[in-house]
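Residue-level structural notes
Spelled out, the chains give:
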Amino acid sequence: MLYGEAEAPSTVEKEKPTWEDSETDLEIEGEDTERSFITGQRELYLEACKLVGVVPVSCFIRNMEEPYMKLNHHGLGPMGTKAIAIALVSNTAIIRLELEDNRIMQEGVLSLVEMLHENYYLQELNISNNSLGLEGAKMISDFLQKNISSLWKLELSGNNFKEESAALLYQALSANYRIKKLNLSHNEFSDKGGEYLGQMLALNVGLQSLDLSWNHFHVQGAVALCSGLQANVTLKKLNLSMNGFGNEGALALGEVLRLNSCLTHVDVSGNNISSKGASKLSSGLEYNETLQVLKGATHQLFCREACWVSQPGDPFPGPCSLLQLFLNPISMDGAVLLILSIKKNPKSKMEELDISNVVVTEQFSKILDGVYAVHPQLDVLYDTVKGLSGKKQALSLRMKPMKLIQSYADQHKIPLVDFFKSLNPTRAMEMPVSEFQRALLQQNKVPMNQNQVGELMKKLEDSKGMVNFSSFM
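Once a new chain begins, its residue numbering starts again from 1 and follows that chain's sequence as written. Where totals are concerned, whole chains, interfaces and linings use all residues; where local detail is concerned, this predicted model gives features only for residues with pLDDT of at least 70, and gives and counts side-chain atom pairs only at 80 or more. Water and hydrogen atoms play no part in the side-chain values, which are based on all heavy atoms of the structure.

As recorded by an unreviewed UniProt entry, the protein carries the name Leucine-rich repeat-containing protein 74A isoform X6 and is attributed to Heterocephalus glaber.

Numbering of helices and strands runs from the N terminus; a helix is a DSSP stretch of H or I covering at least four residues, while a strand is a stretch of E covering at least two. A count of helices and strands for the protein gives 17 helices and 16 strands. Whether two residues are in contact is decided by their heavy atoms: any pair within 4.5 Å suffices. The long-range fraction of contacts in the protein, counting pairs at least 24 apart against all pairs at least 6 apart in sequence, stands at 80%. Accessible area of the protein: about 20,700 Å², with a carbon and sulfur share of 52%. In short, Shrake-Rupley with a 1.4 Å probe defines the accessible areas, and a residue's cover is counted only from the protein chains shown.

The predictor's confidence in any single residue is recorded as pLDDT, a number from 0 to 100. Per-residue confidence for the protein gives a mean pLDDT of 82; residues scoring 70 or more make up 79%. Of the regions scoring below 50 in pLDDT, residues 387-398 engages in 34 contacts with residues more than four places distant in sequence or in other chains.

The subject of this paragraph is unusual backbone geometry. The backbone phi angle of Asn 160 is positive, close to 60°, even though this residue is not glycine. Position of Asn 160 relative to the elements: it lies in the loop between strand E4 (153-155) and helix H6 (163-175). Classification of residues uses two cut-offs on accessible area relative to the type maximum, computed with a 1.4 Å probe and protein chains only: under 20% is buried, over 50% is exposed, and between them is partly exposed. Looking at Asn 160, the relative accessible area reads 38%, which means it is partly exposed. Despite not being glycine, His 186 shows a phi value in the positive range, around 55°. With respect to the element layout, His 186 can be found in the loop between strand E5 (181-183) and helix H7 (191-203). Exposure remark for His 186: the relative accessible area of 27% places this residue in the partly exposed category.

A few words now on helix H16 (residues 433-442). Three or more residues of H16 are buried, namely Val 433, Phe 436, Ala 439 and Leu 440. Buried residues in H16, looked at end-on, bunch into an arc of 125°, giving them a common side. Note: the arc covers the axis-to-C-beta directions of the helix.

Following the sequence through the fold, Leu 168 ends up in helix H6. Residue Leu 168 is classed as buried on the basis of its relative accessible area of 16%. Leave out the neighbours within four places in its chain, and Leu 168 touches Leu 134, Ala 137, Lys 138 and Ser 141.

On to the packing of aromatic side chains, then. Put simply, two rings from Phe, Tyr or Trp (the six-membered ring, in Trp's case) pair if the centres are within 6.5 Å, and we call them stacked under 30 degrees between planes, edge-to-face over 60, tilted for the rest. The full count for this structure, using the stated rule, is seven aromatic pairs. With a centroid separation of 5.9 Å and an interplanar angle of 40°, the aromatic rings of Phe 420 and Phe 436 are classed as tilted. Residue Phe 420 is found in helix H15 (residues 416-422), and its partner Phe 436 is found in helix H16; the two are separated by 16 residues along the sequence. Grouping aromatic residues by their ring pairs yields a cluster made of Tyr 408, Phe 419, Phe 420, Phe 436 and Phe 469. Over a ring means this: the NZ of a Lys or the CZ of an Arg is within 6 Å of the ring centre and within 35 degrees of the ring normal. Cation over ring: Arg 96 sits above Tyr 68, and NZ or CZ is 4.1 Å from the ring centre. Above the plane of the ring of Tyr 196 lies Lys 192, whose end atom (NZ or CZ) is 5.6 Å from the centre.

Let us now look at the nonpolar core. Among buried residues, the Ala, Val, Leu, Ile, Met, Phe, Trp, Tyr and Cys ones that are joined through side-chain atoms within 4.5 Å form a nonpolar core. Residues Phe 60, Leu 210 and Phe 364 are the most contacted members of the largest nonpolar core, which totals 96 residues. Aside from chain neighbours lying at most four places away, what touches Phe 60 is Tyr 45, Met 69, Leu 71, Ile 84, Ala 87, Leu 88 and Ile 94.

The subject of this paragraph is the packing of helix H4 (residues 105-116) against helix H5 (residues 133-144). Note on geometry: axes are lines fitted to C-alpha atoms, helical ones only across the stretch in contact, with angles between N-to-C directions running from 0 to 180 degrees. At a closest axis distance of 9 Å, the pairing of H4 and H5 adopts a crossing angle of 10°. Looking at the two axes, H4 sits roughly parallel to H5. Where H4 approaches H5, its residues Gln 106, Val 109, Leu 110, Val 113 and Leu 116 are matched on the opposing element by Glu 135, Gly 136, Met 139, Ile 140 and Phe 143. When residue character is reported, Ala, Val, Leu, Ile, Met, Phe, Trp, Tyr, Cys and Pro are called nonpolar, Asp, Glu, Lys and Arg charged, and the others, Gly included, polar. Taken together, the residues of the contact of H4 with H5 sort by class into seven nonpolar, two polar and one charged. By the definition adopted for this analysis, an angle is roughly parallel if under 35 degrees, roughly antiparallel if over 145, roughly perpendicular if from 65 to 115, and oblique otherwise.

With that settled, the discussion passes to helix H12 (residues 362-374). Given the number of residues in a helix, its expected span is that number minus one, multiplied by 1.5 Å. An ideal rise of 1.5 Å per residue puts 18 Å on 13 residues; H12 measures up with 19 Å between its terminal C-alpha atoms. Residues of H12 that are buried: Phe 364, Ser 365, Leu 368, Val 371 and Tyr 372. One face of H12 carries all of its buried residues, which in axial projection span an arc of 110°. When the buried face of H12 is taken as reference, the exposed residues oriented beyond 90 degrees from it are Gln 363, Lys 366 and Ala 373.

Glancing now at the environment of Gly 277. As for its position among the elements, Gly 277 is in helix H10 (residues 275-285). Exposure remark for Gly 277: the relative accessible area of 0% places this residue in the buried category. Between the alpha carbons of Gly 277 and Ala 252 there is a distance of 9.9 Å; along the sequence they are 25 residues apart. Those residues in contact with Gly 277 that sit more than four places away from it in its chain are Asn 247 and Ala 250.

What follows deals with the packing of H5 against H6. At a minimum axis distance of 8 Å, the contact between H5 and H6 shows a crossing angle of 5°. In terms of their interaxial angle, H5 and H6 are classed as roughly parallel. Contacts from Gly 133, Leu 134, Ala 137, Lys 138, Ser 141 and Leu 144 in H5 reach Glu 164, Ser 165, Leu 168, Ala 172 and Leu 173 in H6. Among the residues forming the contact of H5 with H6, the class breakdown is six nonpolar, three polar and two charged.

Counting through the fold element by element, Asn 91 comes out in the loop between helix H3 (77-88) and strand E2 (96-98). Judged by relative accessible area, Asn 91 falls into the buried class, the value being 2%. Polar contacts, as used here, are pairs of N or O atoms within 3.5 Å; protein pairs need one atom able to donate a hydrogen and one able to accept it. Residues neighboring in sequence count only if both atoms are side-chain atoms. Reaching out from Asn 91, the side chain makes a polar contact with the backbone nitrogen of Ala 93 at a distance of 2.9 Å.

Another aspect to go through is the pattern of salt bridges. For this analysis, a salt bridge means a side-chain nitrogen from Lys or Arg found within 4 Å of a carboxyl oxygen belonging to Asp or Glu. This model, assessed by the stated rule, comprises eleven salt bridges. Of the charged contacts, one joins Glu 100 and Lys 413 as a salt bridge, the two residues approaching to 2.9 Å between their closest N and O atoms. Remark: Lys 413 occurs in the loop between helix H14 (401-411) and H15 and Glu 100 occurs in the loop between E2 and H4; sequence separation between them is 313 residues. The class for Lys 413 is partly exposed, based on a relative accessible area of 30%. With a shortest N-O distance of 3.2 Å, Asp 142 and Lys 138 are connected by a salt bridge. Here the residue Asp 142 and the residue Lys 138 both occupy positions in helix H5, the gap between them amounting to four residues, near one helical turn.

Here we come to the environment of Ser 331. Relative to the elements of secondary structure, Ser 331 occurs in the loop between strand E12 (323-324) and helix H11 (332-344). C-alpha of Ser 331 to C-alpha of Val 358: the two residues are 27 residues apart in sequence and 6.3 Å apart in space. Once residues lying within four places of it in the same chain are set aside, the contact partners of Ser 331 are Ser 275 and Val 358.

Shown next as structure tokens:
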């Protein structure tokens, strides 16, 4: 077994507590025993490094007792990954592990899978951009079919997965109910892969978020995916951006939106959808009761999973959220169809329509006023000719404050709570409202005006005049 290849000193062995009695165990053992256990964990890792012949990673040693372990771009290779896997077998602290771009290859995947057979604490794993290929996909598929770990978030972006890998993932995820969030972006799935993944969506009862952006789905693949979506009752977030399935794919998606009562986030940016395709989506929006935000082209921002990657000179990057249409050639006529479809739907949950690349006229503004009368919660972002004002102005000032902060956290791949703790000089989990408000206005990571800060205060302030960050964990 993997964990038997390197052993910690017997004086620091600790039986893995069950979830139910873990707090009691910690209270009984006390801080000294816990500190001794962490020391033993480090010794175990050093012994494993010596065994497999790799240099220990100091970042891993320093943070073994923290819940978030980020080791992206460390050049671990298969053996470095194996040493970490050995140490993680008995680790009860780390719940989120990032190993992106480490050349872990198939051998590294095997070590991680063996570790996950024993570790029931790890919940989030990122092994994107590691050249896993078909063999890596097979190992992951075999593991997922067993439903034995606590893993709920898995990132597999950029791993050279092709059609055969899609078939394996179809087998695994048709039976797996534990994975809630899966990233398969930047792979090489084409229409046949879309057919496999569409069949998976029809059977899966666990996934809530799926990223398939930057693949090669065209009309056939998009139609197959949408066919699967019609039978799916759990998926809330779907990213299909940068695939190029055109207006026919938009037609299939419009039918999904008409019938689906679960999806809240859909991204179809960069799919060559014109105003004709927008009309197909509009026919679905007339009946949809769950979709919240429809985003259009946003100043050449390029979307990837849950964040924006902006180009020089762009406004503040906003979050990648809900149904997006950016980098699609939609005209003002298409924009009018979209807002009118929302107006016709009294049960629409739409909160934001982003068509900020579409230049509109005064006539559009008048039509929009009628839409606002029916749906006052709606925010429409659009471009204007000089002298015509939109409902809000600069992009960063039009967005809700929590969206701005979440975008910053996603872009820098940090937990949301870490951003808030960075505002507190003591790094404590709470601070007085007045100090928190002043810190928000003075910080320059997420530009916000006084109105946005005031809106945030109303949501975060408790009855004692404090802001507690634990709610963001």
